[in-house]
Amino acid sequence: MGNAKPFCISQRDVWAAYTRVKANHGAAGVDGQSIEQFEEDLQNNLYRLWNRLCSGSYFPPPVRRVDIPKGDGQKRPLGIPTVADRVAQMVVQRYLEPIVEPLFHNDSYGYRPGRSAHQALSVARQRCWQYDWVLDLDIKSFFETIDWELLLRAVHRHTECTWVLLYIERWLKAPVCMPDGTLAERNQGTPQGAVISPLLANLFLHYAFDRWMAEQHADIPFERYADDIICHCVSEVQARALRDALGQRLTQWYLELHPHKTTIVYCKDANRRGSYPEQRFDFLGYTFRPRSSKNRTGQLFVSFAPAVSAKAASAMRQRIRRWRLHQRNDLALEEIARWTRPMLHGWVNYYGRFYASALRRALRTLDAFLVRWAQRKYKRLRARNTLAWQWLWRVYARQPDLFAHWALVSTVRR
């Protein structure tokens, strides 16, 4: 039966793609179908998808547009494909990734197997100690402005597989369903949120940036996580020259450096003299700047180090406020801990890796809400705020693992 199809795609590949999509969870697309609803008729849904993929008759539905607020008041557009479309994209990704992955640069960390944001941050921290200057790059609206012709040309360099090229082109051209229900046609870019987008973005920047840096500026190390890039320079002059050269290079790929967000930063520490306007930058949710640190003998010194950014900390505090825990007197403390644990674990695991004391200060907001909760629940604690804080400290002493952020040591102390 499969031999009559023009494209040879195995049902096993479709099943493996589905298991990856299920593990990643994700919201419903334009059809409103969740993963749970897709699973109600799983065998038939996957068979129909396989049949259409193999016959060449698969056309992706529109991508649901969701606007996510950014810290600067603007919004980041995300595209959410349907569950079936995510499975189809995963089929193509699983075919293409093993081909292009070995070619990618060692300092590219985003959305690659065996690599993580923490690795990029760790390498960046080490290099900030070695190099005095950083060029913090911001590519203006990168995902929305990727040129289709150049992208398809890059894909074509690595595969002649007809169905891979066909479906990638169809995904690029799929319309976007806007929040008001209207359909918007596109002529460039690949939606953030699509399964195939990170791999395509990495391939595009491999040629637009990574390989060019390796050939033209091999002496300047960098870390790239998708379109988030920092370069390490020995001098301000070198950083300015690189910024100008990169502006010209990206223009050839129909990309543009953001004129205000691309900055040259001095990595000030105890051993570096002089003062410059820019002495901090944000990278992957962390702010790198001069910070008071202790050496192995316990002596204080100034180090250029990363810690949770003010933007990330503010977002966490806002999320905690929206929980309105102080009004949940219907819940026991253990229930509150269980309810908040997944989110707290995520924050601690990611933002607690470097300079955890900064995260500890950010999450004290939760402790304050727990104190307010206790004062409303227990009459004996209402009279004085200090009594409620002492109560919370006793809870921490008995159950230090009750809340995930309490692992950051003494976070409960007032």
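A short tour of the structure in this document, coming up. (Residues numbered from 1 in each chain as written. Predicted model: local features only at pLDDT ≥ 70, side-chain atom pairs only at ≥ 80, totals over all residues. Heavy atoms only, no water.)

**Re the overall build of the protein**
So, step 1. Helices and strands together make up the secondary structure of the protein, namely 15 helices and eleven strands.
So, step 2. Dimensions of the protein along its principal axes, counting C-alpha atoms only, are 75 × 60 × 40 Å.
So, step 3. Only carbon and sulfur atoms are counted for the fraction: they give 49% of the accessible area of the protein, which is about 20,800 Å².
So, step 4. Of note, the protein has its 61 positive side-chain charges centred 11 Å away from the centre of its 39 negative side-chain charges. (Helix = DSSP H or I, 4+ residues; strand = E, 2+ residues; numbered from the N terminus. Areas by Shrake-Rupley, 256 points an atom, 1.4 Å probe, with all protein chains shown as cover. Lys, Arg positive; Asp, Glu negative; His and termini not counted. Charge placed at Lys NZ, Arg CZ, Asp CG, Glu CD.)

**Thoughts on the sheet that holds strand β10 (residues 286–294)**
So, step 1. Pairing is antiparallel across the open sheet formed by three strands, whose spatial order is β9-β10-β11. Every other strand in the sheet has two partners, leaving β9 (281–283) and β11 (300–308) as the edge strands with one partner each. Averaged over all neighbouring strand pairs, the angle between strand axes comes to 50 degrees, with direction disregarded.
So, step 2. Pairing between β9 and β10: three bridges, direction antiparallel. If you follow Phe283 over to β10, its bridge partner there is Tyr286.
So, step 3. Of the strands in this sheet, β9, β10 and β11 are in contact with helix α5 (residues 117–130), which crosses β10 at around 60 degrees. (Pairing = 2+ DSSP bridges. Axes fitted to C-alpha atoms, helices over the stretch in contact; angles between N-to-C directions. Contact = heavy atoms within 4.5 Å.)

**Describing the nonpolar core**
Generally speaking, nonpolar side chains in soluble globular proteins are found buried as a group.
So, step 1. Ile168 and Cys231 are the most contacted members of the largest nonpolar core, which totals 72 residues.
So, step 2. With eleven residues, helix α9 (residues 197–216) is the single largest residue contributor to this core.
So, step 3. Excluding residues that lie within four positions of it along the chain, Cys231 makes contacts with Trp133, Val134, Leu135, Leu137, Phe209, Met213, Ile220, Pro221, Phe222 and Leu242.
So, step 4. Within the second largest apolar cluster, 54 residues are counted, among which are Leu331, Trp347, Trp373 and Val395. (Core = buried A, V, L, I, M, F, W, Y, C linked by side-chain atoms within 4.5 Å. Buried < 20%, exposed > 50% of the residue type's maximum accessible area, 1.4 Å probe, protein only.)

**Structural notes on the environment of Pro113**
So, step 1. Position of Pro113 relative to the elements: it lies in the loop between α4 (83–100) and α5.
So, step 2. Sequence separation of Pro113 and Lys311 is 198 residues, and the distance between their C-alpha atoms is 28 Å.
So, step 3. Not counting residues within four places of it along the chain, the set of residues in contact with Pro113 comprises Glu97 and Glu101.

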